[in-house]
Amino acid sequence: MSRVDAVLAHPRFMRELNRVRELERDRRFCRHGLSHLLDVARVAWIRRLEDGLGLDREVVYAAALLHDIGRAEQYDVGTPHDVAGERIAAEILGTVEGEMRFSPSEQAEILTAVRGHRRGTPQPEGELAGLIAWADHASRPCFACAARATCKWTDEEKNLQLRV
Ligand SMILES: [Fe+2]
């Protein structure tokens, strides 16, 4: 098992992800389930390879998997999902067992990325936060979205063509 698998298998991660799936069942706009999280992880990692940023693959994947973990709490009680996400991600990362646990500095980097991934919020320091914010946006296939006309994103923000 990798450190990323340990996050995926964490009971709190699974509970939050299942809750998001339930709450977004009828959502017309972008969803935030596992497919999105993996899209962000893979797009971010490809970008990292192309740019040669000095980031660890498991750290990039963990940040991507956790960046929207606060969504259910936002839907339930209105807490901004970056704020809730930072707290929930800290609980998950802090309770992974033994050698599956990310180092304190890696945990801090991941939490900064979770807290800073929303577009329009000032980007905190660190390459990872900017990478996840970029991948979160770039991974959305607006060009194929049935809800495109009523989405809150402006035409300039939408990905109206496939990025190659
Ligand atoms: Fe996202």
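Everything discussed here concerns the structure shown above.
Chemist: Just give me the short version of the nonpolar core, but keep the residues and values in it.
Modeler: Counting residues in hydrophobic clusters, the biggest one holds 35 residues, and the most contacted among them are Phe13, Leu66, Ile110, Leu128 and Ile132. Listed by contribution, the elements that provide at least two residues to this core are α1 (3-8), α2 (11-23), α3 (34-51), α4 (57-66), α6 (81-95), α7 (104-115) and α8 (127-138). If you tally residues by element for this core, the top one is α4, at eight residues. Dropping the residues within four chain positions of it, Phe13 is found in contact with Val7, Leu8, Leu37, Leu65, Leu66, Ile69 and Ile92.

Chemist: Summarise the coordination of the iron ion; cite the residues concerned and give the values.
Modeler: At this site the iron ion is bound by His36 (NE2), His67 (NE2), Asp68 (OD) and Asp136 (OD), with donor distances of 2.1 to 2.2 Å. Each donor residue of the iron ion lies on the same chain, and together they follow the pattern H-x30-H-D-x67-D. Here His36 is found in helix α3, whereas its partner Asp136 is found in helix α8, with 100 residues between them in sequence. The buried category is assigned to His36, whose relative accessible area is 4%. Note on Asp136: relative accessible area 16%, which makes it buried.

Chemist: Tell me about a nonpolar patch on the surface, and name the residues and values.
Modeler: On the surface, Phe143, Leu162 and Val164 cluster together into a nonpolar patch covering about 370 Å² of accessible area. By the element assignment, Val164 lies in the segment after α8. Residue class for Val164 comes out exposed when judged on its relative accessible area of 98%.

Chemist: Which residues make up the packing of aromatic side chains, and what values do they have?
Modeler: Applying the stated criterion across every chain, the model contains zero aromatic pairs. Above the face of the Phe29 ring, Arg28 is positioned so that its terminal group lies 5.3 Å from the ring centre. Looking at Arg47, its charged tip hangs above the ring of Trp134, at a distance of 4.3 Å from the centre.

Chemist: I'd like to hear about the packing of α3 against α4, residue by residue, with values.
Modeler: Interaxial distance between α3 and α4 falls to 8 Å at its minimum, and their mutual angle equals 145°. The element α3 and its partner α4 pack so that their crossing is right-handed. Across from Leu34, Leu37, Leu38, Val40, Ala41, Arg42, Ala44 and Trp45 in α3, the residues of α4 making contact are Arg57, Val60, Tyr61, Ala64 and Leu65.

Chemist: Explain the packing of α7 against α8 residue by residue, including any values.
Modeler: Helix-helix packing is characterised by the crossing angle of the two axes and by the distance between the axes. One way to put it is that α7 packs onto α8 with a least axis distance of 8 Å and a crossing angle of 40°. When the axes of α7 and α8 are compared, the pair comes out oblique. In the crossing of α7 with α8, the sense of the turn from one axis to the other is right-handed. Each of Glu109, Ile110, Thr112 and Ala113 in α7 lies in contact with α8, whose residues at this interface are Leu128, Ala129 and Ile132. Considered class by class, the residues forming the contact of α7 with α8 number five nonpolar, one polar and one charged.

Chemist: Account for the side chain of Thr79, naming residues and giving values.
Modeler: Within the secondary structure, Thr79 sits in the loop between α5 (71-77) and α6. Reaching out from Thr79, the side chain makes a polar contact with the side chain of Glu73 at a distance of 3.0 Å. When near neighbours in sequence (up to four residues on either side) are disregarded, Thr79 contacts Glu73, Gln74, Ala84 and Arg87.

Rules behind the numbers
- Residues numbered from 1 in each chain as written.
- Predicted model: local features only at pLDDT ≥ 70, side-chain atom pairs only at ≥ 80, totals over all residues.
- Heavy atoms only, no water.
- Core = buried A, V, L, I, M, F, W, Y, C linked by side-chain atoms within 4.5 Å.
- Buried < 20%, exposed > 50% of the residue type's maximum accessible area, 1.4 Å probe, protein only.
- Helix = DSSP H or I, 4+ residues; strand = E, 2+ residues; numbered from the N terminus.
- Contact = heavy atoms within 4.5 Å.
- Donors = N, O, S within 2.8 Å, 3.2 Å for Na, K, Ca; no water.
- Patch = residues over 30% accessible without salt bridge, like charges linked within 9 Å, V, L, I, M, F, W, Y side chains within 5 Å.
- Areas by Shrake-Rupley, 256 points an atom, 1.4 Å probe, with all protein chains shown as cover.
- Salt bridge = Lys/Arg side-chain N within 4 Å of Asp/Glu carboxyl O.
- Phe/Tyr/Trp six-rings, centres within 6.5 Å; stacked < 30°, edge-to-face > 60°.
- Lys NZ or Arg CZ within 6 Å of the ring centre and 35° of its normal.
- Axes fitted to C-alpha atoms, helices over the stretch in contact; angles between N-to-C directions.
- Left-handed = near helix turned anticlockwise from the far one by under 90°.
- Parallel < 35°, antiparallel > 145°, perpendicular 65-115°, else oblique.
- Nonpolar A, V, L, I, M, F, W, Y, C, P; charged D, E, K, R; others polar.
- Polar contact = N/O pair within 3.5 Å; in protein donor to acceptor, adjacent residues only side chain to side chain.

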